[in-house]
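What follows is the residue order along each chain.
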Amino acid sequence: MVNKVKTTIGRSVIRNQRPLWQNPLFQRPLIVLCFCLIASALFGIFGFGRPNIAVAIALDLSSSTYQPQAFNAPGTIMQQEVAAVKAYLEVNSKLGTNPNTIQVFGIGGGKAPALTSNFSSDTKKVEAELVRALQDPNLPKSIQPEPPQDSLDVPIRQALNAFKTVPNSCREIVIVSDAGIELSPQSVSEAVAQKVKINGITFGGKSFEPLKQATVQTGGIYISGADVNLNTSFTEKIFPKLNSNIKWVIFWLGAAWIALMWTLTMPLDRWLFQGTMKMNMTLAGQAALGNAFFWTASTPSIIWKLVGLPIFGDGC
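Residues numbered from 1 in each chain as written. Predicted model: local features only at pLDDT ≥ 70, side-chain atom pairs only at ≥ 80, totals over all residues. Heavy atoms only, no water.

A. Region of the structure containing the environment of I238. With respect to the element layout, I238 can be found in helix α9 (residues 230-242). On the accessibility criterion, I238 (0% relative accessible area) is buried. Counting along the chain gives 61 residues from I238 to S177, while the straight-line C-alpha distance between them is 15 Å. When neighbours within four sequence positions are excluded, I238 is seen to be in contact with Y88, V174, N199, I201, I221, I223 and S233. (Helix = DSSP H or I, 4+ residues; strand = E, 2+ residues; numbered from the N terminus. Buried < 20%, exposed > 50% of the residue type's maximum accessible area, 1.4 Å probe, protein only. Contact = heavy atoms within 4.5 Å.)

In structure tokens:
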């Protein structure tokens, strides 16, 4: 009689067991999962969370970029450099309320003259100052090759010093050069210490290994090759990389993954561990919860190591 009662109660519990999709333990993490996926899509499409960017652009103005023609003459490499900066300014002006702040420097004669007065997000102001600086007849004379070989240490340190005026920005240096230059490890170490990324473009088929290594050490990108197009390098490679909010997209995808693991807790418990693997109810529940807790604990650590967590101010 007792066994019959137990059997009847057990069958009644199974019959009255709430369907999986109606259980709050399944519904709530599912709602969170949907929210995180939508957030990831919105951040990816509309660029939400993109950090403030300050960009110091250093252009090679040495004689190798324009001779035998005149300084900044049409068709010279120097003129292509300037056109690339103008193209960058144009796409930057389309960012709306949060454009990059930009300052342009020159490289030549062991010097790095500022071609624009300060970091500014005013596209027209930066372009006008750049054009005015390049029209200065004293500029070519001031950057004559003395000493014979230029050094990237000078523009990097100039940029690091200028970045003090924009302390709350992600700071990026973009160097354009024909690679006939020097670069000391100390300058790269200073950039790393100040969390400044170095990006480099070398043209004419020349590759400059110290600059390439500097971009690796600081998290920047390096572009080189015989057919390098400076315009597309600036607008289609440098600009998207600098203004990416991929960290936020990955953050929301990571949160979605955690929510998915909690959403799967009951299906794993009922269908896999109890149903297929024939575990008892207690052990199956522990295994399902253990899986959810494992991914909840490990996913933030994985994201941190891969790209950093933007919620802790690591959006650069």
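Okay, back to it.
B. Spotlight on the packing of aromatic side chains. Considering all chains together, one arrives at 14 aromatic pairs under this definition. The interplanar angle of 20 degrees and the centroid separation of 5.3 Å between the aromatic rings of F119 and F163 together place this pair among those described as stacked. Placement of the pair is F119 in the loop between β2 (101-107) and α4 (123-134) and F163 in the loop between α6 (153-162) and β4 (170-177), with a sequence separation of 44 residues. Consider the rings of W262 and F293, whose centres lie 5.0 Å apart with planes at 85 degrees: the pair is edge-to-face. Remark: F293 occurs in helix α12 (residues 281-306) and W262 occurs in helix α10 (residues 246-263); sequence separation between them is 31 residues. You can call W262 partly exposed: its relative accessible area is 26%. Pairwise contacts between aromatic rings join F35, F43, F46, F48, W248, F251 and W252 into one cluster. (Phe/Tyr/Trp six-rings, centres within 6.5 Å; stacked < 30°, edge-to-face > 60°.)

C. Quick peek at the packing of helix α11 (residues 265-276) against α12. Contact pair α11 / α12: the axes reach a minimum separation of 9 Å and the direction vectors enclose 135 degrees. Judged by the angle between their axes, α11 and α12 are oblique. With respect to the hand of their crossing, α11 and α12 are arranged in right-handed fashion. On the side of α11, the interface is formed by T265, L268, D269, F273 and Q274, while α12 contributes M281, A284, G285, A287, A288, L289, N291 and A292. Taken together, the residues of the contact of α11 with α12 sort by class into eight nonpolar, four polar and one charged. (Axes fitted to C-alpha atoms, helices over the stretch in contact; angles between N-to-C directions. Parallel < 35°, antiparallel > 145°, perpendicular 65-115°, else oblique. Left-handed = near helix turned anticlockwise from the far one by under 90°. Nonpolar A, V, L, I, M, F, W, Y, C, P; charged D, E, K, R; others polar.)

D. Here's a closer look at the side chain of T116. Along the polypeptide, T116 turns up in the loop between β2 and α4. From its side chain, T116 meets the backbone nitrogen of V104 in a polar contact 2.9 Å long. Apart from the residues within four sequence positions on either side, T116 is in contact with I102, Q103, V104, V126, E129 and L130. (Polar contact = N/O pair within 3.5 Å; in protein donor to acceptor, adjacent residues only side chain to side chain.)

E. Layout of the pattern of salt bridges. This structure, assessed with the given rule, holds three salt bridges. Salt-bridge contacts for E129 lead to K125; the nearest nitrogen and oxygen are separated by 3.3 Å. Here E129 and its partner K125 are both found in helix α4, four residues apart, which amounts to about one turn of the helix. On the basis of relative accessible area, K125 is assigned to the partly exposed category, the value being 29%. Note that K241 and E172 form a salt bridge whose closest N and O atoms lie 3.8 Å from each other. Of this pair, K241 sits in helix α9 while E172 is found in strand β4, placing the two residues 69 residues apart along the sequence. A relative accessible area of 24% means that K241 is categorised as partly exposed. (Salt bridge = Lys/Arg side-chain N within 4 Å of Asp/Glu carboxyl O.)

Keep in mind these values describe shape, not function.
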